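# Architecture and fold: a report
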Amino acid sequence: MQTVGRFAPSPSGRMHLGNVLCALLAWLSARHQNGAFLLRIEDLDAMRCPRSYADLIMDDLRWLGLDWDGEVPYQSERAPVYEKYEQILREKGLLYPCFCSRAALHAASAPHLSDGRVLYAGTCRDLTPAEIEEKRKKRAPATRVRVPDEIISFTDGVFGAYSENLAEECGDFIIRRSDGVFAYQLAVTVDDGLSGVTEVVRGSDLIFSTPRQIWLYRLFGFEPPHFVHIPLLCDVDGRRLSKRDEDLDLGLLRERFTPEQVIGALAFAAHLTDRAEPVSVRELVRDFDWSRIPRHELCLPPMFR
């Protein structure tokens, strides 16, 4: 079976070096295995994700030498596809409307997990038809999916064995927002499944999403891909990069460095090379090896200070 990797950025701002590292490692892994590499724009919330940022992302990837195969799909244009899979869940009796406000979900009385995530308490899970009709008069509901009391396990390409009980550590999750926009969990599963993606590379901050996506893959009849969650990238002072803070975005870096300098620094931060020297992406393909990527956070070299 051919390896099919992908990079699926959300164009809510210019890519920073953490995004570029994810794209680089996903591309290297796919090309090292003589596989395909897909690009998808995850602009579900079109208001927050202007097309101009998507254009910049593609221009930055080309500048870095990271090419892709095939057409580039935009999630904002794929609602009819997601509706078909939403209907599959509905026919299985797994969906219900949720009228809880964000404030109620994050209230101090709500169950919180050790990492700060909020576990949905099931407030709207068993509403009667009459109660649902009455609540609809006051606010539009989101749509949640009922999860089973089931342990989902997988072996991550960097962090190894990972398990999660869906009922106890995930809870019923939203698959469509109250404004009608489909949620990440549904869209990413459908898109990767339909695209034949066999390897998903993304940041370790998303590892908790994987068990629920594996569960959805199976419900939809897809074969789950191999998941690789990479350590988060920190600046030279040990602070995690954030798109919100415009940390080291490509717009600034392209004025100071060549593509080879950026790639060389990231390869060094990821322990793929022994020195932070300029290198092209093509030069890294042959010797790429996931076993060299550590589990701890990765730090940028001083050149980005």
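Before reading on, note that the structure itself is shown above.
Quantities reported herein were computed from a predicted structural model and do not represent experimental measurements.

### Section: the overall build of the protein chain
Along the backbone of the protein chain there are 11 helices and 11 strands. The C-alpha atoms of the protein chain give a radius of gyration of 20 Å, which matches the 19 Å a tight globule of 305 residues would have. Across the 305 residues in the protein chain, those meeting the buried criterion constitute 52%. Within the protein chain, residue pairs in contact and separated by at least 24 positions form 76% of the contacts whose partners lie at least 6 positions apart. Summing over all exposed atoms, the protein chain offers an accessible surface of approximately 14600 Å²; the carbon and sulfur share of this is 48%. Within the protein chain, one finds 38 positive and 45 negative side-chain charges whose respective centroids are separated by 4 Å.

### Observations regarding the side chain of Asp-43
Position of Asp-43 among the secondary structure elements: in the loop between strand E2 (36–39) and helix H2 (51–64). A polar atom in the side chain of Asp-43 sits 3.0 Å from the backbone nitrogen of Gln-75. Ignoring sequence-local partners within four residues, the contact set of Asp-43 consists of Pro-11, Cys-49, Arg-51, Tyr-74, Gln-75 and Ser-76.

### Some thoughts on the pattern of salt bridges
According to the stated counting rule, one finds 22 salt bridges in the structure shown. Its salt-bridge partner being Arg-177, residue Asp-45 comes within 3.4 Å of it at the nearest N-O pair. Remark: Arg-177 occurs in the loop between strand E7 (173–176) and helix H7 (184–195) and Asp-45 occurs in the loop between E2 and H2; sequence separation between them is 132 residues. Residue classification places Arg-177 among the partly exposed residues on the basis of a relative accessible area of 33%. For Glu-134, the salt bridge identified is with Lys-137, shortest N-O distance 3.4 Å. Residue classification places Lys-137 among the exposed positions, given a relative accessible area of 63%. Overlapping salt bridges bring together Arg-6, Arg-40, Glu-42, Arg-78, Asp-191 and Asp-192 as one network.

### Looking at the environment of Pro-302
Checked against the element boundaries, Pro-302 lands in the segment after strand E11 (298–299). For the pair Pro-302 and His-32, spaced 270 residues apart in sequence, the C-alpha to C-alpha distance is 29 Å.

### Regarding the sheet that holds E7
Pairing is antiparallel across the open sheet formed by three strands, whose spatial order is E3-E4-E7. Every other strand in the sheet has two partners, leaving strand E3 (95–98) and E7 as the edge strands with one partner each. Between one strand and the next, the sheet's axes are offset by a mean angle of 50°, whatever the strand orientation. As paired strands, E3 and strand E4 (residues 142–145) are joined by four bridges and run antiparallel to one another. Counterpart to Pro-97 in the pairing with E4 is Thr-143.

### Brief notes about the packing of aromatic side chains
In total, this model carries 10 aromatic pairs according to the counting rule given. Ring plane angle 75° and centroid distance 5.0 Å describe the contact between Tyr-85 and Phe-220, whose orientation is recorded as edge-to-face. Of this pair, Tyr-85 sits in helix H3 (residues 79–91) while Phe-220 sits in helix H8 (residues 210–220), placing them 135 residues apart in sequence. The pair Tyr-85 / Phe-220 is uniform in exposure class, with both members buried. Seen from their ring centres, Phe-173 and Trp-215 are 6.3 Å apart, and the 80° between their planes marks the pair as edge-to-face. Linking Phe-173 in strand E7 with Trp-215 in helix H8, this pair joins segments that are 42 residues apart in sequence. For the pair formed by Phe-173 and Trp-215, the shared burial category is buried. Through successive ring pairs, a cluster of aromatic residues spans Tyr-85, Phe-154, Tyr-162, Tyr-217, Phe-220, Phe-222 and Phe-227.

### Things to note about unusual backbone geometry
With the exception of glycine, the majority of residues adopt a negative phi angle, and the majority of peptide bonds are in the trans configuration. With a phi close to 55°, Asn-34 is a non-glycine residue in the positive phi region. The topology assignment puts Asn-34 in the loop between helix H1 (17–32) and E2. Notably, His-271 is not glycine yet its phi reads approximately 70°, a positive angle. The residue His-271 is located in the loop between helix H10 (259–269) and helix H11 (281–285) in this model. With relative accessibility at 34%, the residue His-271 sits in the partly exposed group.

About the cut-offs
- Residues numbered from 1 in each chain as written.
- Predicted model: local features only at pLDDT ≥ 70, side-chain atom pairs only at ≥ 80, totals over all residues.
- Heavy atoms only, no water.
- Helix = DSSP H or I, 4+ residues; strand = E, 2+ residues; numbered from the N terminus.
- Rg over C-alpha atoms; globule rule 2.2 N^0.38 Å.
- Buried < 20%, exposed > 50% of the residue type's maximum accessible area, 1.4 Å probe, protein only.
- Contact = heavy atoms within 4.5 Å.
- Areas by Shrake-Rupley, 256 points an atom, 1.4 Å probe, with all protein chains shown as cover.
- Lys, Arg positive; Asp, Glu negative; His and termini not counted.
- Charge placed at Lys NZ, Arg CZ, Asp CG, Glu CD.
- Polar contact = N/O pair within 3.5 Å; in protein donor to acceptor, adjacent residues only side chain to side chain.
- Salt bridge = Lys/Arg side-chain N within 4 Å of Asp/Glu carboxyl O.
- Pairing = 2+ DSSP bridges.
- Axes fitted to C-alpha atoms, helices over the stretch in contact; angles between N-to-C directions.
- Phe/Tyr/Trp six-rings, centres within 6.5 Å; stacked < 30°, edge-to-face > 60°.

So far we have only geometry, and geometry alone does not tell us how the molecule works.
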